[in-house]
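Here is how the chains run, residue by residue.
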Amino acid sequence: MRNVKESSTKVSAGRPRSEVSRKALIDTTYQMLREIGYERLSIEAIAARSGVSRTTVYRWYPAKEDLVIEALIAFSSFAHEIPDTGDLVSDMAGLVQYVLEHDPISLNRESCALTLSALSGSQQLAQTYWDLYIARKRQDLREIFERAKVRGEIAKDSDLDLFLDLFHGYLLFGLLVRPKGSVSITAIKAALHRLIRGFHP
């Protein structure tokens, strides 16, 4: 896989890219990553669904990795959608609700399994996914936690990464291991309440 910084900024020589076509490619790539996973994803399939010619796709993105990286960058931030309800549990639950409404496939059992399978099979993809997707989302979440610290809901020295590891572990266990393979907002709120107790001042 190419250097992340190089891949995410590289544009092949030639005619300027059409923003409409570029958005179609990015949206399609992100959706198909959720549906079929990285390993089964191909430039040909992306081109066919997006309506952009293969020649154009290859001119802009010489390798599948280049297109996937740009898609991850495009969907990496939701800072402008972070709720501010005055309560940590409500903020976190609201964020999950937003994801369910705007990117429902992301918390789908099959989608999560495909993503984990792809990451476990490629150290480079795992690093890229962490750097350009997970780490950026966690950075956005710091705003929620800093407000909670000011309100006294959690200790000022609370470890955000540990909290999110535990919370995401709960989500993944519920999606992938439990027989029903789903996690409701009600269950998420209850889990957050119990988790926060361990981070009280």
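Structure: see above.
Every value quoted in this text rests on a predicted model; they were computed, and no experiment measured them. (Residues numbered from 1 in each chain as written. Predicted model: local features only at pLDDT ≥ 70, side-chain atom pairs only at ≥ 80, totals over all residues. Heavy atoms only, no water.)

**Re the packing of helix α7 (residues 109–121) against helix α8 (residues 123–151)**
So, step 1. Between α7 and α8, the least distance of the axes is 5 Å, while the angle of their chain directions is 120°. One way to sum up the angle between α7 and α8 is to call them oblique. Contacts from Thr115, Ala118, Leu119 and Gly121 of α7 reach α8 at Gln123, Leu125, Ala126 and Tyr129.
So, step 2. Of the residues in the contact of α7 with α8, the class split is 5 nonpolar, 3 polar and no charged. (Axes fitted to C-alpha atoms, helices over the stretch in contact; angles between N-to-C directions. Helix = DSSP H or I, 4+ residues; strand = E, 2+ residues; numbered from the N terminus. Parallel < 35°, antiparallel > 145°, perpendicular 65-115°, else oblique. Contact = heavy atoms within 4.5 Å. Nonpolar A, V, L, I, M, F, W, Y, C, P; charged D, E, K, R; others polar.)

**Some remarks on helix α5 (residues 64–74)**
So, step 1. Of all 11 residues in α5, 8 are buried; the element is thus mostly enclosed.
So, step 2. Every buried residue of α5 is listed here: Lys64, Asp66, Leu67, Val68, Ile69, Glu70, Ala71 and Leu72. (Buried < 20%, exposed > 50% of the residue type's maximum accessible area, 1.4 Å probe, protein only.)

**Quick look at the packing of helix α2 (residues 19–36) against helix α3 (residues 43–50)**
So, step 1. Between α2 and α3, the shortest axis-to-axis distance is 9 Å and the interhelical angle comes to 120°. Judged by the inter-axis angle, α2 sits oblique to α3. Crossing angle aside, the handedness with which α2 passes α3 is right-handed. In this structure, α2 contributes Ala24, Leu25, Thr28, Thr29, Gln31, Met32 and Glu35 to the contact, and α3 contributes Ala45, Ile46, Arg49 and Ser50.
So, step 2. Counted by class, the contact of α2 with α3 contains 5 nonpolar, 4 polar and 2 charged residues. (Left-handed = near helix turned anticlockwise from the far one by under 90°.)

In short, geometric facts, not functional conclusions.
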